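One-letter residues, chain by chain:
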Amino acid sequence: MHGLNLSTDLFFKSFVTMLAIFDPLGGVPVFLALTADLAERQRKRAALQAVGVAAAVVILFALFGQPILKALGISVEALQVAGGLLLVLVALELLRPEGEESRLVSRGNVALVPLGTPLLAGPGAIAATMLYMRRAATLGGTLSVIAALLVALLVVGIALRYSSGIARVLKEDGIDLISRVMGLLLTAIAVQLVAAGIASWIHHGI
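This section reports on the structure supplied with the text. (Residues numbered from 1 in each chain as written. Predicted model: local features only at pLDDT ≥ 70, side-chain atom pairs only at ≥ 80, totals over all residues. Heavy atoms only, no water.)

Structural notes on the packing of helix H1 (residues 8-22) against helix H8 (residues 163-204)
Okay, step 1: Closest axis-to-axis distance for the H1/H8 pair is 9 Å, and the angle between their directions is 130°. Relative to H8, H1 is oriented oblique. Crossing angle aside, the handedness with which H1 passes H8 is left-handed. Counted together, Val16, Thr17, Leu19, Ala20 and Ile21 of H1 and Met182, Leu185, Leu186 and Ile189 of H8 form the full contact between these two elements.
Okay, step 2: Residue composition of the contact of H1 with H8, by class: eight nonpolar, one polar and no charged. (Axes fitted to C-alpha atoms, helices over the stretch in contact; angles between N-to-C directions. Helix = DSSP H or I, 4+ residues; strand = E, 2+ residues; numbered from the N terminus. Parallel < 35°, antiparallel > 145°, perpendicular 65-115°, else oblique. Left-handed = near helix turned anticlockwise from the far one by under 90°. Contact = heavy atoms within 4.5 Å. Nonpolar A, V, L, I, M, F, W, Y, C, P; charged D, E, K, R; others polar.)

Dropping the structure here:
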């Protein structure tokens with residue numbers, strides 16, 4: 001069936017954007033700090049729980065976010081511009097990371113809050129997912145976006161599960177460098193989203 005054909009282009013764009021937002025390597029030091037008091041087995045379980053929570057939250061918005069926007073009368077272009085601006089803020093955090101320790105919460109199950117949300121399933125991830133879901137005109141496109149999201153979260157889960165080894169190999173400088181590269185890439189994606197939204201307004205009106 002034609003509608004079930006997956007979109008390679010949409011999958012790739014969604015995957016790169018979500019991976020840049022999730023920043024799996026940049027999240028390693030935060031994860032290690034949050035789970036410093038846990039045993040290795042508990043740390044691996046926390047990584048799985050965090051990814052599971054993030055997947056549930058983002059997919060929920062991916063599937064039901066559009067009807068909510070429609071009911072509120074929010075246009076595709078408005079979502080593009082708002083999402084692009086929001087992604088710029090996320091990118092700036094990657095380019096100029098502040099002390100993550102000040103944002104850490106040590107009470108309760110850290111795998112749920114703040115790891116699962118808002119550090120993983122934050123406003124940037126939710127906005128980006130909804131943007132790409134709006135671009136998916138067919139069932140195949142929708143499945144492509146969800147598949148990209150799940151693969152990106154799989155990469156995050158692997159990074160968190162093996163966070164101790166990754167931190168030893170890359171060290172702080174290596175992780176910082178990768179975070180900045182991902183931030184630069186995410187900035188370019190955000191600018192493109194804003195430009196596309198404004199161009200549509202110019203041609204078709206607000």
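As for the packing of H1 against helix H6 (residues 123-135)
Okay, step 1: With their axes 10 Å apart at the nearest point, H1 and H6 run at an angle of 175° to one another. Of the possible angle classes, the one that applies to H1 and H6 is roughly antiparallel. Every residue of H6 that contacts H1 at Leu10, Lys13, Ser14, Thr17, Met18, Ile21 and Phe22 is listed here: Gly124, Ala125, Ala128, Thr129, Tyr132 and Arg135.
Okay, step 2: A per-class count over the contact of H1 with H6 returns seven nonpolar, four polar and two charged.

Concerning unusual backbone geometry
Keep in mind that most residues, glycine aside, have a negative phi and that most peptide bonds are trans.
Okay, step 1: Residue aspartate 23 is not a glycine yet carries a positive backbone phi of 45°.
Okay, step 2: Structurally, aspartate 23 is set in the loop between H1 and helix H2 (28-34).

Points about the environment of isoleucine 178
Okay, step 1: Its location among the elements puts isoleucine 178 in helix H8.
Okay, step 2: Once the C-alpha coordinates of isoleucine 178 and proline 24 are considered, the two residues, 154 residues apart in sequence, prove to be 9.8 Å apart.
Okay, step 3: With sequence-adjacent residues up to four places away left out, isoleucine 178 is seen in contact with Leu25 and Leu170.

Re a nonpolar patch on the surface
Okay, step 1: Taken together, the side chains of Leu4, Leu6, Leu139 and Leu143 make up a nonpolar region of the molecular surface, amounting to roughly 370 Å² of accessible area.
Okay, step 2: Positionally, leucine 139 belongs in helix H7 (residues 139-161).
Okay, step 3: Overall, the relative accessible area of 48% leaves leucine 139 in the partly exposed class. (Patch = residues over 30% accessible without salt bridge, like charges linked within 9 Å, V, L, I, M, F, W, Y side chains within 5 Å. Areas by Shrake-Rupley, 256 points an atom, 1.4 Å probe, with all protein chains shown as cover. Salt bridge = Lys/Arg side-chain N within 4 Å of Asp/Glu carboxyl O. Buried < 20%, exposed > 50% of the residue type's maximum accessible area, 1.4 Å probe, protein only.)

A closer look at the packing of aromatic side chains
Okay, step 1: The tally for this structure, following the rule as stated, stands at one aromatic pair.
Okay, step 2: Taking 6.2 Å as the distance between ring centres and 0° as the angle between the ring planes, the aromatic pair formed by phenylalanine 11 and phenylalanine 15 counts as stacked. Of this pair, phenylalanine 11 and phenylalanine 15 are both found in helix H1, four residues apart, which corresponds to roughly one turn of the helix.
Okay, step 3: For phenylalanine 11, a relative accessible area of 29% gives the class partly exposed. (Phe/Tyr/Trp six-rings, centres within 6.5 Å; stacked < 30°, edge-to-face > 60°.)

Description of the nonpolar core
Okay, step 1: With 51 residues, the main nonpolar core has Met18, Ile21, Phe22, Leu87, Leu153 and Leu186 as its most contacted residues.
Okay, step 2: The element that contributes the greatest number of residues to this core is helix H3 (residues 40-72), accounting for nine residues.
Okay, step 3: Excluding residues that lie within four positions of it along the chain, isoleucine 21 makes contacts with Leu87, Val90, Gly124, Ala125, Ala128 and Leu186.
Okay, step 4: Counting residues in each nonpolar core, the second largest holds five residues, with Val28, Leu32, Ala159 and Ile166 among its members. (Core = buried A, V, L, I, M, F, W, Y, C linked by side-chain atoms within 4.5 Å.)

Concerning H1
Okay, step 1: Counted at 1.5 Å a residue, the expected span for H1 with its 15 residues is 21 Å, and the 21 Å between its end C-alpha atoms agrees.
Okay, step 2: Aspartate 23 lies just past H1 and shows a positive phi near 45°. (Expected span 1.5 Å × (residues − 1).)

Things to note about H8
Okay, step 1: Helix length check: H8, at 42 residues, gives a terminal C-alpha distance of 48 Å against a target of 62 Å (1.5 Å per residue), a shortfall beyond 12%.
Okay, step 2: At lysine 171, H8 shows its maximal bend, which comes to roughly 90°.
Okay, step 3: Glycine 205 sits one or two residues past H8 and shows a positive phi near 85°. (Bend = angle between axes of the 7 residues up to and from the residue.)

With respect to the environment of alanine 55
Okay, step 1: The residue alanine 55 is located in helix H3 in this model.
Okay, step 2: In sequence terms alanine 55 and leucine 149 are 94 residues apart; their C-alpha atoms lie 7.8 Å from each other.

Topic: the environment of proline 24
Okay, step 1: Turning to its location among the elements, proline 24 is positioned in the loop between H1 and H2.
Okay, step 2: In contact with proline 24, not counting residues within four places along its chain, are Leu19, Val155, Val156 and Ala159.

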